[in-house]
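# Tertiary structure, described
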Amino acid sequence: MNCCGQKRQSLQFTSANDTDIHETENENNLTTSDQKPVYFRYTGDGELQVKGVFNITYTFSSYRPQVLIHPADVSVMRGYASLVEVKET
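No experiment lies behind these values; they were computed from the predicted model shown.

## Overview of the environment of threonine 43
Here threonine 43 shows up in the loop between strand 1 (38–42) and strand 2 (47–51). With 23 residues separating them in the primary sequence, threonine 43 and glutamine 66 have C-alpha atoms 9.4 Å apart. Ignoring sequence-local partners within four residues, the contact set of threonine 43 consists of Ala81, Ser82 and Val84.

## Considerations on the pairing of strand 4 (residues 66–69)
Regular strands have side chains that alternate between both faces of the sheet. Side chains of strand 4 alternate between two faces, with Val67 and Ile69 buried and Gln66 and Leu68 left unburied. In the sheet, strand 1 pairs with strand 4 via 4 bridges, with the strands oriented antiparallel. Directly across from phenylalanine 40, in strand 4, lies its bridge partner valine 67.

## A short note on the side chain of serine 61
Within the secondary structure layout, serine 61 lies in strand 3 (residues 57–61). Since its relative accessible area comes to 11%, serine 61 is described here as buried. A polar contact is formed between the side chain of serine 61 and the backbone nitrogen of tyrosine 63, at a distance of 3.2 Å. Residues within four places of serine 61 in sequence aside, it is in contact with Tyr42, Gly46 and Glu47.

## Focus: the sheet that holds strand 5 (residues 83–85)
Strand pairing in a sheet takes place through backbone hydrogen bonds and is either antiparallel or parallel in direction. Read from one edge to the other, the open sheet built from 3 strands follows the order 4-1-5, with strand pairing classed as antiparallel. Edge positions in the sheet fall to strand 4 and strand 5, since each has one partner strand and no second. In this sheet, neighbouring strand axes are inclined to one another by 35 degrees on average, regardless of whether the strands run parallel or antiparallel.

## Details of the pattern of salt bridges
Proximity of charged atoms lets side chains of opposite charge pair with each other. With the rule as written, the count across this model stands at 2 salt bridges. Close ionic contact of glutamate 85 with lysine 87 constitutes a salt bridge, the shortest N to O distance being 3.9 Å. A single network of salt bridges, built from pairs that share partners, joins Arg78, Glu85 and Lys87.

Calculation notes
- Residues numbered from 1 in each chain as written.
- Predicted model: local features only at pLDDT ≥ 70, side-chain atom pairs only at ≥ 80, totals over all residues.
- Heavy atoms only, no water.
- Helix = DSSP H or I, 4+ residues; strand = E, 2+ residues; numbered from the N terminus.
- Contact = heavy atoms within 4.5 Å.
- Buried < 20%, exposed > 50% of the residue type's maximum accessible area, 1.4 Å probe, protein only.
- Pairing = 2+ DSSP bridges.
- Polar contact = N/O pair within 3.5 Å; in protein donor to acceptor, adjacent residues only side chain to side chain.
- Axes fitted to C-alpha atoms, helices over the stretch in contact; angles between N-to-C directions.
- Salt bridge = Lys/Arg side-chain N within 4 Å of Asp/Glu carboxyl O.

Note that every value here comes from positions in space, so none of it alone points to a role or purpose.
Structure follows, in structure tokens:
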């Protein structure tokens, strides 16, 4: 048996009715149905290209400083100091 098969067998699954897991998901907003696209604004000079988790390439520049980001890529964008999340008001 290969190593992946051993790891798969060693996983322990809990039921969907497990309240501890369910409460944690709601507290951390981990459900994808609640996620929305977010705008990020570029504060740097020149051009910045960032590749998201689904290989979407976002291009920021002084000419196009604000870009709408897919919900799955928000955490990637937060890793760049020159990108600022635009909060809804």
